[in-house]
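Listed below, chain by chain, are the residues.
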Amino acid sequence: MSRRVAIWFCFVGLLIVLTIFRYHEGWLQTDILQLADSSSSLSSEKIQKKVNQQLQGSLIWVLVSKEKDVQNLARNTHVLANKLNSSKTLLSVEYRWADSENYKKEWEQLFPLRQQLLSPIDRAIFNDRPEQIVRRQLGKLYGPDGAGIDLEMDPFSTFRNYFTSDIGVTPEVVDGIPIHKMEKQVYTLLFTVAAPVDLTTNGDSSLLSLQKELKLWAIKNGSSLLVAGAPLHTEYAAALAQSEIRLIGALSIITICILCILVFRSLKPLIASTFAILCGVISGISGVIIILGQIHILAFVFGSTISGLAIDYAFHFICNRLRLGEPKDKDILPSLLLGLISSCLAFFSLTLTPFPLLKQIGVFVGCGLIGAWLTVILLFPSWINIKPRALSFSKQVLKLNISYYLFPLVGFLVLGAIALQKIQFNDDLSLFYQPPEFLQQDEAHINSLIKSRPDSRYFLISGKDEQEVLSREWQLRSQLNRLVEKQIISGFQGVTNRVPPKEVQISDWNLLSKFYRGDAARSFYQQLGYSKREIDQQIESKNKPFYTLSFSDWLSVASRQYQGLWLGCEDNDCYSIVRIYGLKDELSSLELIPGVVYVDTTKSISEIMSQQRDLLLQLLPLIFAVVFFVTVFRVGISKSLSIVVMPSSAVLGTLAIIIFLGAAINLFHVAALLLVFGIGIDYAIFSHTSQKEEQHYTLLAIAMAGLTTLLGFGLLALSATPAIANFGLVLAVGTVLTLILAFLYFCTRGKG
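Sequence order as written defines residue numbering, which begins from 1 separately in each chain. The predicted origin of the model limits local features to residues at a pLDDT of at least 70 and limits the giving and counting of side-chain atom pairs to 80 or more, whereas totals for whole chains, interfaces and linings rest on all residues. No hydrogens and no water enter the side-chain calculation; it runs on all heavy atoms of the structure.

Engineer: Summarise the environment of Ile489; cite the residues concerned and give the values.
Structural biologist: The helix and strand labels rest on DSSP assignments: H or I over at least four residues marks a helix, E over at least two residues marks a strand, and numbering proceeds from the N terminus. Looking at the element boundaries, Ile489 is found in the loop between α17 (466–485) and β11 (491–493). Burial classification: accessible surface area is computed with a 1.4 Å probe over protein chains only, and a residue below 20% of its type maximum counts as buried, one above 50% as exposed, and the rest as partly exposed. On the basis of relative accessibility, which here comes to 2%, the residue Ile489 falls in the buried class. Whether two residues are in contact is decided by their heavy atoms: any pair within 4.5 Å suffices. Aside from chain neighbours lying at most four places away, what touches Ile489 is Leu480, Leu483, Val484, Tyr581, Gly582 and Leu583.

Engineer: Describe the nonpolar core, and please don't skip the residues or the numbers.
Structural biologist: Nonpolar cores were defined as sets of buried Ala, Val, Leu, Ile, Met, Phe, Trp, Tyr and Cys residues, with membership established by side-chain atoms within 4.5 Å. If you look at the biggest cluster of nonpolar residues, it comprises 114 residues, and the most contacted ones within it are Phe264, Phe315, Leu336, Phe380 and Leu616. Here this core takes 16 residues from helix α25 (residues 667–689), the largest share from any one element. In this view, Phe315 contacts Ile256, Cys260, Phe264, Ser273, Ala701, Met704, Ala705 and Thr708; residues no more than four positions away in its chain are not counted. Formed by 41 residues, the second largest nonpolar core is a distinct cluster that contains Leu460, Leu549, Val578 and Tyr598.

Engineer: Summarise the pattern of salt bridges; cite the residues concerned and give the values.
Structural biologist: For this document, the term salt bridge refers to a Lys or Arg side-chain nitrogen within 4 Å of an Asp or Glu carboxyl oxygen. Applying the stated criterion across every chain, the model contains 10 salt bridges. Asp331 is paired through a salt bridge with Arg323; the nearest N and O atoms lie 3.1 Å apart. Judged by relative accessible area, Asp331 falls into the partly exposed class, the value being 32%. Accessibility expressed as a relative area gives 5% for Arg323, which makes it buried. The shortest N-O distance in the salt bridge between Glu468 and Arg472 comes to 3.6 Å. Here Arg472 and Glu468 lie together in helix α17, a separation of four residues that amounts to about one turn. Put simply, Lys464, Glu468 and Arg472 are held in one network by salt bridges that share partners.

Engineer: How would you explain helix α1 (residues 3–22) if you had to name every residue and give the values?
Structural biologist: Expected helix span is computed as 1.5 Å times (number of residues minus one). With 20 residues, α1 should reach 28 Å at 1.5 Å per residue; the first-to-last C-alpha distance of 29 Å fits that figure. Turning to α1, its buried residues are Val5, Trp8, Leu15 and Thr19. Here the buried residues of α1 occupy an arc of 85° about the axis, which is enough to place them on one side. Those residues of α1 that are exposed and angled more than 90 degrees off the buried face are Arg3, Cys10, Leu14, Val17, Ile20 and Phe21. Buried-residue contacts for α1 involve α10 (267–291) and α14 (356–383). Working note: the arc is built from the helix axis to C-beta atom directions.

Engineer: Give a description of the packing of α10 against α14 that names residues and reports values.
Structural biologist: Axis lines are fitted through C-alpha atoms, for helices just across the contact stretch, and the angle between N-to-C directions can take any value from 0 to 180 degrees. Between α10 and α14, the least distance of the axes is 6 Å, while the angle of their chain directions is 140°. The pairing of α10 with α14 is recorded here as oblique in orientation. Considering how the two elements wind past one another, α10 and α14 form a crossing that is right-handed. Residues are grouped as follows: Ala, Val, Leu, Ile, Met, Phe, Trp, Tyr, Cys and Pro are nonpolar; Asp, Glu, Lys and Arg are charged; every other residue, Gly included, is polar. Counted by class, the contact of α10 with α14 contains 16 nonpolar, nine polar and one charged residues. Reported orientations rely on four angle classes, namely roughly parallel under 35 degrees, roughly antiparallel over 145, roughly perpendicular from 65 to 115, and oblique for the rest. The sense of a crossing depends on the near helix, which, turned anticlockwise from the far helix by less than a right angle, makes the crossing left-handed and, turned clockwise, makes it right-handed.

Engineer: So what about the packing of helix α24 (residues 637–660) against helix α27 (residues 722–748)? Which residues, and what values?
Structural biologist: Look at α24 against α27: their axes get within 9 Å of each other, and the N-to-C directions meet at 140°. The pairing of α24 with α27 is recorded here as oblique in orientation. Like other packed secondary-structure pairs, α24 and α27 cross with a definite hand, here right-handed. Only Leu729, Val730, Val733, Gly734, Leu737, Thr738, Leu741, Ala742 and Tyr745 of α27 make contact with α24, whose side of the interface consists of Ser642, Met646, Ser649, Ala650, Gly653, Thr654, Ile657 and Ile658. Its residues assigned to classes, the contact of α24 with α27 shows 11 nonpolar, six polar and no charged.

Engineer: Tell me about the confidence of the model for the protein chain, and please be specific about residues and values.
Structural biologist: When pLDDT is averaged along the protein chain, the result is 82; 89% of the residues meet or exceed 70. Note: pLDDT gives the predictor's confidence per residue, expressed from 0 to 100. Under a pLDDT of 50 for its full length, residues 167–171 has, in the predicted model, 10 contacts with residues more than four places off or in other chains.

Engineer: Tell me about the pairing of strand β8 (residues 224–229), residues and numbers included.
Structural biologist: Within β8, five of the six residues are buried, leaving the element largely enclosed by the surrounding structure. Any two strands between which DSSP finds at least two bridges are classified as paired. Relative to β8, strand β2 (residues 58–66) runs antiparallel, the two being bridged by six bridges. Looking across to β8, one finds that Ile60 is bridged to Ala228.

This is the structure in structure tokens:
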């Protein structure tokens with residue numbers, strides 16, 4: 001075994017060991033909110049994941065029937081719940097109300113606190129008009145609801161009112177299932193939590209397949225089923241990204257195969273080139289796992305273009321072996337090294353940004369290029385034995401004056417400068433993903449039925465302990481109540497809907513104690529025919545001491561929705577979230593108390609994208625300068641300047657074309673411009689450093705590399721995801737312009 005091969009195996013062994021050491025099951029992400037981690041208001045990764053799961057893991061299933069079909073709807077809801085429970089794609093299902101086990105446990109846990117828990121309406125009445133409570137309760141006792149009043153334990157139904165004052169509770173319950181009515185329709189709600197998207201499962205076990213199957217089942221049973229929730233979008237986007245990765249990878253490989261067979265007339269270069277690409281992709285994945293620990297599926301799609309870059313090194317080496325005479329590897333190795341360093345500077349510069357997606361792309365492609373380069377320089381010298389042959393493009397390529405190269409070179413620079421005056425920006429989150437019509441239709445229908453669905457925006461409350469969080473959340477409630485009165489929101493929900501802070505419980509306890517000692521309570525019992533002794537006994541039994549319940553004890557029996565609102569304690573801080581419903585206006589201008597943050601994830605991601613776009617724009621000139629100083633040590637000042645100007649001109653020309661096409665520039669356009677420079681610097685280095693006798697072979701390698709790169713990036717431009725399409729379009733245009741400049745430079749040197 002040669003020394004080079006041994007070094008390659010040592011590199012592979014080290015990569016495998018480090019990858020195994022850093023590997024974990026969650027290395028491949030599909031959650032879009034993971035792309036905004038750097039904007040998080042939370043310092044704890046564990047708490048952040050719980051927030052994302054709460055927001056991204058919930059699904060709502062709505063079974064709709066005709067108004068007169070209530071009993072059949074209840075039966076079908078039971079069947080549907082059983083089907084959902086049996087699916088591996090879901091972790092939990094909740095659809096019952098009054099007879100559910102958790103509901104009973106929570107009632108029993110809180111019932112001893114009935115003298116200190118009041119609904120907002122009852123609290124206001126006890127404060128201002130306690131006699132109204134008496135009139136209300138007497139009316140209920142002699143009405144149809146009188147049989148349900150517990151005169152002994154909860155004579156004024158304060159605890160019952162408190163417990164049923166939350167959002168979403170309906171008065172009609174059939175077989176333990178709340179039945180909702182809307183015009184001439186009745187419907188039931190089933191709340192589920194989805195398991196994390198598993199990209200290794202087949203289509204039959206996916207969430208989208210389950211949705212399709214159950215929709216058909218509902219139609220056969222005289223109902224219709226609507227489904228909405230982030231997991232459906234996550235799975236759809238992940239499946240779309242996977243299909244695009246397969247398509248891009250497959251067509252790139254097919255193109256490489258055709259080129260290798262036509263040009264090299266041998267299978268050995270094809271096998272070697274494919275192996276170099278494979279090593280590049282594996283090195284990229286390992287690099288991401290080792291350095292970052294995880295990669296998003298979108299970064300995989302962007303990074304799939306590594307096949308078009310990794311093949312550059314293979315083509316240049318193999319084309320150099322076509323030269324007549326003995327192998328002249330030493331002529332090509334310095335240019336390969338210089339090209340690698342320059343490209344890696346461009347790609348690894350993406351890691352300087354705090355935006356996770358760009359970091360992942362930079363590490364994935366940068367490490368992939370290193371893996372492909374090492375494979376070429378360490379293995380190809382002993383692998384590639386190809387029959388040399390003379391190449392001459394003299395008859396096909398015109399000999400041109402230098403002005404034919406300088407005119408487009410300067411022209412692209414001028415166009416770029418002009419276009420910068422007209423530049424417009426767009427950093428909307430919709431760039432990541434545009435939902436399919438069938439999911440949008442279901443969501444629109446659900447929104448027409450349910451006027452108060454939770455908004456994606458929420459309030460994050462933090463404090464040094466549970467009581468401080470509850471106190472701050474309670475203060476926030478007063479502000480949110482005013483927003484409800486102004487109809488800016490239709491409602492809100494937090495853990496204090498169930499368990500107010502201790503000071504509020506004490507206040508309510510004092511309020512009820514005062515009421516029972518007053519005349520209003522006595523008049524109530526008198527009107528019911530109680531004797532004085534019986535009244536005294538009733539009043540005495542209601543004056544209970546203050547009861548203290550551990551927050552953790554309540555949380556252990558709380559319903560799923562409340563458990564999800566409490567995020568827990570981490571690093572000496574506790575957290576909760578308050579969900580808002582029916583938001584009709586912007587809340588970012590709301591003045592909040594310390595420890596309360598308004599979180600608008602969509603806006604946060606857009607702001608992050610805007611900041612990183614500006615950062616990358618500022619980074620481009622710095623990268624140009626760094627590459628110049630790197631190359632100047634190899635080729636001198638004048639040639640180094642000429643090398644850097646070629647990709648710089650392609651970058652500005654590409655930017656001009658995109659702007660003149662009417663596109664608003666976003667982060668992914670700018671990131672692609674950075675990669676255009678990385679690709680262009682390779683072509684510039686090889687075209688400028690190749691000697692007279694190797695010019696034809698260099699041109700062939702650049703043409704082959706450009707064609708494969710163009711195909712990969714061109715396919716990205718056809719993506720259904722706007723961000724990927726923008727990325728691909730810029731890279732495709734940039735590659736074409738770089739090839740044009742490289743070709744013209746070749747012609748003006750008079751070597752052909």
